[in-house]
Amino acid sequence: MNNSLLKYTVNSEEYKFFYREEILFESTKNNPFLYLSVEKEGVKKLLPFNEFEIEKEEENLLEIKFFAVSCVVKIAINCDENNVFFSLKKIGRTDDRLYIRLNKKDTRTVGLGLNVIKQLDKEKIGILDRLKKKKKDKEYINADNTLNFYVVNGYYFSNGNINDWELEIDKSVILSSAQEKIEFRLEYNKRFSFLQQKSYKLLKTNFSDIEKVLESDYNGVITEYDTDIKTPYIINKIRRNKSVFITLSPVVKDTDYDYDSFDKSTMIKVSKGYVTDITDKNNERAFMNRIRKICDLNPDGIYVDEKEVDLDGNVILKNALFYENLHSLIKTVLCEYTQKYIIYNKLNSSDIIENPIETKEEKKKDSLIFSYKKDLKIIKELYAINYEDIRKKENIYINNLLFSGYKSYFYECAPSDVPELIYQGKLQLIVDNSKTLKNKHFRKKTPKN
C-alpha cells in the first residue's frame, strides 16, 4: 500500500509501525509494545506479546493480532490526514492489566484535563489515585481525572472509552488498563484554541420566576424540574425565543418528586441525600426515568449539577452513578430524543472519538455545532466555571481545559459581577440569582477586541 499513511518494518530483532514519518510504536525483546501483568502464586511477572500477524492491510488501515500465552490482542489502526485511531480488544486473561507502550519524542508532556499536575514527564498516575495537592492556603484541590494529554511537537492523546487507566510517562508513554476493549486517538498537528466567545447569557433561577426571562436581555434560563401540569406549556412558550436548560443532580433527596421510586437500602448515603449504586439495576432504571421526565418537557438541554456532591472516601467510585457513570447514562437516554445539549459544572468526561472512515456527509452531521438563538455557536458538551473558584489562577485553569477536549465554556457569577466580567471580555455567562455578594477580586485588564 504505497499510498497508505500507515507503514511498518519488521526484522528478526524488532518491529516498528509508522504514521507518515512518525513512529507510533516499536517492539524489541527488552521493550515490547504490548505486555500483560500476570500474578502467579503471589509473584507478578510481565508477559510480552512478541509474536503478531497482519490480518488485514488496506490504505490507511491495519488489523493486527498480537499473541502471548493464553491471550490474544486484536488491534485495528486507521487514520486520516491528522488522526490515528486505535481500537484494541483483549481476548483471554480478562482480569490482567494490558500495558501499551507508545512512542514519545524527547519533549515535555502536559495535560490531563483539570488536574493540578500539568507537567507529566516522569509521572505515574492513575484514575483511582488520590490526586490531591495542597495549595498555599492549605485547602485541597480535588483533581478531575481526564485522560487527555499532549506530547509537545508530537501528538495529542484523546481518550475514547478508557475508564480504568494508569499512565506512566518517561522515555515512552505506557498506558495500562484491565478493560476488554480500549479505544483512543493520537492527533498530530493539533492547534489548541477555544471557539470565539460570543455574547450569550443564561439566567439560573427558580421555575416560578422563569417567565420573567421573556422580558429580559437573557438568552436563556437554567431552572429545576417542575411537576406542575402547566410546565410543558411554559417551557414551550419560552423556547420560542429563548433557550431552556433543566438541572439534573445525581443526588436523590427526600423532597424529590420521585423519591419513593428508589430503594434507599442499596443507595450510597451522601451529605444531602443518596447517590445511586449502579449495581442496583432497578435504581438505575429509576434514575433513567428521572432523565426521561426532564427530556419529556422538551428543553434545549440539561445542566448537570455535581458541584456540591461529596462522596465518602470508602465509596467505590466505579460503582457510583457519578462522574463518568452519570455522564454515560445521560448520553444513553438522550439517544432516545431529538438532540439535547449538556452543560457540566464539574468536569470528568472525555471527547467522543470520531470514526475516520465515515463519509463526509456523516462526519458533517456528527460534528454539527449547536446554534443557540442569537447565533451563538458552541459544541454539544459545554462546561460551566464558577469564576469565584478560579479567579486567582484563571489562566492556568483555562489552559488546562484545553486538554479536556472542551472548546467552549461559561463563567458562572452573581448578577452584580456581570458588568466587570463583560468588561474583561467574558461574554458567555451563567448568572445565578442566589449569588448576591459582589466579587471584589476581579483582575483589572483591558477588554478584548
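First things first, this report covers the structure right here in the doc. It should be emphasised that the depicted structure is a prediction, and the values quoted were computed from it without experimental measurement.

What follows covers the sheet that holds strand β1 (residues 6-10). One open sheet accounts for three strands, arranged β1-β2-β3; its pairing is antiparallel. Both outer strands of the open sheet, β1 and β3 (22-28), are each paired with one neighbouring strand and no more. For this sheet, the mean angle separating the axes of adjacent strands, direction not counted, is 15 degrees. Where strand β2 (residues 14-19) lies against β3, six bridges are found, and the strand directions are antiparallel. Looking across to β3, one finds that Phe17 is bridged to Phe25.

With 49 residues, the main nonpolar core has Phe287, Ile291, Ile302 and Ile330 as its most contacted residues. The leading source of residues in this core is helix α2 (residues 281-296), at six residues. Not counting the four nearest positions on each side in its chain, Ile291 is found in contact with Leu248, Ile302, Leu329, Ile330 and Val333. Listed in part, the 45 residues of the second largest apolar core include Phe49, Leu62, Ile162 and Trp165.

Let's shift gears to the pattern of salt bridges. Note on pairing: side chains with opposite charge can pair once their charged atoms come close. Going through the model one piece at a time under the given rule, you end up with 17 salt bridges. Salt-bridge contacts for Lys65 lead to Glu55; the nearest nitrogen and oxygen are separated by 3.5 Å. Remark: Glu55 occurs in strand β6 (residues 51-58) and Lys65 occurs in strand β7 (residues 61-68); sequence separation between them is 10 residues. Ionic pairing is found between Lys201 and Asp217, a salt bridge with its closest N-O pair at 3.2 Å. You can see Lys201 sitting in strand β20 (residues 200-204) and its partner Asp217 sitting in the loop between β20 and β21 (220-223), a full 16 residues away along the chain. Taking relative accessible area as the criterion, Asp217 reaches 53% and is therefore assigned exposed. Here the residues in one salt-bridge network are Arg185, Glu187 and Lys190, joined through shared partners.

Closest axis-to-axis distance for the α2/helix α3 (residues 324-334) pair is 10 Å, and the angle between their directions is 55 degrees. The orientation of α2 relative to α3 falls into the category oblique. Judged by the sense of rotation from one axis to the other, the crossing of α2 with α3 is right-handed. Where α2 abuts α3, its residues Glu284, Phe287, Met288, Ile291, Arg292 and Cys295 lie against Leu326, Leu329, Ile330, Thr332, Val333 and Leu334.

Criteria and cut-off values
- Think of each chain on its own: its residues are numbered from 1, step by step along the sequence as written.
- For this predicted model, a pLDDT threshold of at least 70 governs which residues receive local features, and a threshold of 80 or more governs which side-chain atom pairs are given and counted, while totals over whole chains, interfaces and linings are taken from all residues.
- Hydrogens are left out, water is left out, and the side-chain values use all remaining heavy atoms of the structure.
- Between any two strands, pairing holds if DSSP finds at least two bridges.
- In DSSP terms, a helix is any run of H or I states spanning at least four residues, a strand is any run of E spanning at least two, and both are numbered starting from the N terminus.
- To get an axis, a line is fitted to the C-alpha atoms, and for a helix only the part in contact is used. The angle between two axes follows their N-to-C directions and goes from 0 to 180 degrees.
- Think of a nonpolar core as a cluster: buried Ala, Val, Leu, Ile, Met, Phe, Trp, Tyr and Cys residues, connected wherever their side-chain atoms sit within 4.5 Å.
- Only protein chains enter the accessibility calculation, which uses a 1.4 Å probe; a residue whose area is less than 20% of its type maximum is buried, one above 50% is exposed, and one in between is partly exposed.
- In what follows, a contact means two residues having at least one pair of non-hydrogen atoms within 4.5 Å.
- Any Lys or Arg side-chain nitrogen found within 4 Å of a carboxyl oxygen on Asp or Glu counts as a salt bridge.
- Any angle that falls under 35 degrees is termed roughly parallel, while one over 145 is termed roughly antiparallel, one within 65 to 115 roughly perpendicular, and all others oblique.
- Left-handed describes a crossing whose near helix is turned anticlockwise from the far helix by less than a right angle; the clockwise case is right-handed.

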